Every structure is written in C-alpha cells, then in structure tokens.
Amino acid sequence: MIRVLIADDQMLIRQGIRTLLEMDRDVSVVGEAADGIETVDNVISTPVDVLLLDIRMPGRDGIEVLHTLSARNALPPTLILTTFDDSDVVLEGIRAGARGFLLKDVSYQQLVAAIRAVAGGATVFQPAVTERLLRAGSTLHIEAESRGEELTVREAEVVGLMAAGYSNREIAQALGVAEGTVKNHVSNVLAKFGVRDRTRAVLKALETGQLRASRP
C-alpha cells in the first residue's frame, strides 16, 4: 500500500485527487494539508510514502516545505503539483528535493503511474511541463565549465525515459536493448554530469538543455 499525503490550499483539488486515488486499491490517502505548516506537521507525524505538493500555499509555500523537511531528514518522495504558471519555480522545487512534477489536470492513469514510479525511486518529469520549461527558457544559467560532458544520442534517450519515470527494465524494453546496457548508460550519464542519483541527472540534463521529452 502506497501512503499518500495531498498538500494543496484548494479544497476542490484535494477532494478531486483523493477521489481519483481511492479508485486504486494499492494507494491510500493518509492525510490532507491546506497550507505549508500543516504539511510539515502531517509528514512528521504520519508515515508518508509519497507527498503530492502544491507550490503556492499559505503559511509556507511548497519550496519552504521541501527545505524544511529536507533539513529534518523527513522529506518523503515528493511530486510537485503545478500549473503552467508555476514553471519558473519548478526547477527550484526539484533542486530542493522533489522527485518530479505533474500538471494539476493530469489524468487518473498518469497520476497513479507517477505515484507508483516515485514511490519506487524513479523521477517523473511530465513531458508537457518539460517542454514548457525548455520553450520558456526557464533553465539555469550554467557556466561552460559546469555543464559536464555532452550526452550521446542514446544517453539522451535514456535520460528522457528516466525523466518520464521509466525503470531500467522499462527503458530496456522501450529501446530494445538489454537491461545491463541501460545500467551502463545510466552510469555514464551520472559520471558525465558528476551527480549521484537519477533525479539530479535529469535535472542537470534539463538545466543544460540536454533533456528532451520522450514518448516511446
């Protein structure tokens, strides 16, 4: 059972998400929060496997929630709930520890799939938001020396699928290669970017303009 906490200041959105998630027998909504302070308190007091976090909330906004929980070593795998208007702060949320982002009008199937992926250690960068970030130029200003090595075409494909929440096995199936080959590509990507995990690799690819939304 995946325990989910929904943090959003709009009651209708919280209720809508809860209604959707209650359709899945493997997901349990263990709480709701209407502001940042309540979110922190609930996460600390209640076991949570995945946090669905709105960026714009009273009390503490989503970024402050991420920093506060990270500082307490209490941050669960987190998905940012975003609108297109929030694209300028999405990257900041990922840097603060979130595992990815979803539009608030996401479908039921996409929502559950993203929760499962994040609970399993993957990252989920919804393609529509990724493309918006790239078009809007909402990437960091990276100094040339900090860009890391350029990815090969296949490595870029692997990172794109990582961003969509695919596991190594699913990436292997999508690309028609062995799972061991995918693991090697992932290791190469981490080494090129000088990062230790998949989330940071995806973020680095986005920041440096080497991430493209993948739809296998």
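Preceding block: the structure.
Everything numeric here is computed off the predicted structure, so don't read it as measured data.

## Considerations on helix H7 (residues 153–163)
Item 1. Taken together, the buried positions of H7 are Glu 155, Val 158, Val 159, Gly 160, Leu 161, Met 162 and Ala 163.
Item 2. Looking at the buried side of H7, the elements it contacts are strand E6 (124–125), helix H8 (168–175), helix H9 (179–193) and helix H10 (198–207).
Item 3. Following H7 by one or two positions, Gly 165 has its phi on the positive side, about 95°.

## Considering the pairing of strand E1 (residues 2–7)
Item 1. Of all six residues that make up E1, five are buried, and the element is covered over most of its length.
Item 2. Summarising the sheet, E1 and strand E2 (residues 27–33) pair through six bridges and their orientation is parallel. Among the inter-strand pairings, Ile 6 is bridged to a residue of E2, identified as Glu 32.
Item 3. Handedness of the β-α-β unit built from E1, helix H1 (residues 11–21) and E2 comes out right-handed.

## Points about the environment of Ile 63
Item 1. Tracing the sequence through the fold places Ile 63 in helix H3 (residues 62–71).
Item 2. Between the alpha carbons of Ile 63 and Val 90 there is a distance of 9.2 Å; along the sequence they are 27 residues apart.
Item 3. Discounting chain neighbours no more than four positions away, the residues touching Ile 63 are Ile 55, Val 89, Glu 92 and Gly 93.

## Observations concerning the sheet that holds E2
Backbone-to-backbone hydrogen bonds join strands into a sheet, with any given pair of strands oriented parallel or antiparallel.
Item 1. Here we have six strands laid out as an open sheet, ordered E2-E1-E3-E4-E5-E6, and parallel in their pairing. Every interior strand has two partners, whereas the edge strands, E2 and E6, have only one.
Item 2. Pairing of E1 with strand E3 (residues 50–54) involves four bridges; the strand directions are parallel. Following the sheet pairing, Val 4 is matched in E3 by Val 50.
Item 3. In the packing of H3 onto the sheet, contacts are made with E3 and strand E4 (78–82), and the angle to E3 comes to roughly 145°.

Calculation rules
- Residues numbered from 1 in each chain as written.
- Predicted model: local features only at pLDDT ≥ 70, side-chain atom pairs only at ≥ 80, totals over all residues.
- Heavy atoms only, no water.
- Buried < 20%, exposed > 50% of the residue type's maximum accessible area, 1.4 Å probe, protein only.
- Helix = DSSP H or I, 4+ residues; strand = E, 2+ residues; numbered from the N terminus.
- Contact = heavy atoms within 4.5 Å.
- Pairing = 2+ DSSP bridges.
- Right-handed = clockwise from strand over helix to strand, strands pointing away.
- Axes fitted to C-alpha atoms, helices over the stretch in contact; angles between N-to-C directions.

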